[in-house]
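Structure assessment
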Amino acid sequence: QVQLVESGGGLVQPGGSLRLSCAASGSIFSINAMGWYRQAPGKQRELVAAITSGNSTNYADSVKGRFTISRDNAKNTVYLQMNSLKPEDTAVYYCNAKYRPKWATKALSDWGQGTQVTVSS
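Rules of the game
- Residues numbered from 1 in each chain as written.
- Predicted model: local features only at pLDDT ≥ 70, side-chain atom pairs only at ≥ 80, totals over all residues.
- Heavy atoms only, no water.
- Helix = DSSP H or I, 4+ residues; strand = E, 2+ residues; numbered from the N terminus.
- Rg over C-alpha atoms; globule rule 2.2 N^0.38 Å.
- Buried < 20%, exposed > 50% of the residue type's maximum accessible area, 1.4 Å probe, protein only.
- Salt bridge = Lys/Arg side-chain N within 4 Å of Asp/Glu carboxyl O.

1. Let's talk about the overall build of the protein
- Looking only at helices and strands, the protein features zero helices and 11 strands.
- Mapped from its N terminus to its C terminus, the protein presents α and β elements in the order β-β-β-β-β-β-β-β-β-β-β.
- Relative to the globule expectation of 14 Å for 121 residues, the C-alpha radius of gyration of the protein, 14 Å, shows essentially globular dimensions.
- Its C-alpha atoms give the protein principal-axis dimensions of about 50 × 25 × 25 Å.
- Taken across its 121 residues, the protein has 41% of its residues classed as buried.

In structure tokens, the structure reads:
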């Protein structure tokens, strides 16, 4: 079993910054990719940013130039630095990991519990 624990959400004014963290723990052999998704009320969950084990990154067009994803492979942790936040960034942010567990050769995918980000004055 793998656990993904997120932290760093909260309330921030427009133009402000937040940093999200997600730490993976458990029976992990290797992590192929980690990413952040978000879901606003009444909308589908969408990819915000993702990063591979080789540090290749992918961003949603709406956050390019404002958000930065990074990871610490030694700590199995991924970060999302969010700058110049806008009200439309308000959502529950979910961490995702695509990994190979120690007990299997098949890659799996798991989600964190989510952390609320609210951008409002």
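That was the structure; now back to the text.
2. Focus on the pattern of salt bridges
- For the coordinates displayed, the defined rule picks out four salt bridges.
- Arg38 is the salt-bridge partner of Glu46, the closest N and O atoms lying 2.8 Å from each other.
- Looking at Glu46, the relative accessible area reads 36%, which means it is partly exposed.
- With relative accessibility at 6%, the residue Arg38 sits in the buried group.
- Its salt-bridge partner being Arg38, residue Asp89 comes within 3.0 Å of it at the nearest N-O pair. Of this pair, Asp89 sits in the loop between strand S8 (77-82) and strand S9 (91-101) while Arg38 sits in strand S4 (residues 28-39); the two residues are 51 residues apart in sequence, bridging distant segments of the chain. Taken individually, Asp89 and Arg38 each receive the classification buried, so the pair is uniform in this respect.

3. What to know about unusual backbone geometry
- The residue Asn55 is not glycine, and still its phi comes out positive at about 70°.
- Along the chain, Asn55 falls in the loop between strand S5 (46-52) and strand S6 (57-59).
- The backbone of Asn76 sits at a positive phi, close to 50°, despite the residue not being glycine.
- Position of Asn76 among the secondary structure elements: in the loop between strand S7 (67-72) and S8.

Honestly, that's just the spatial picture; any functional story needs more than this.
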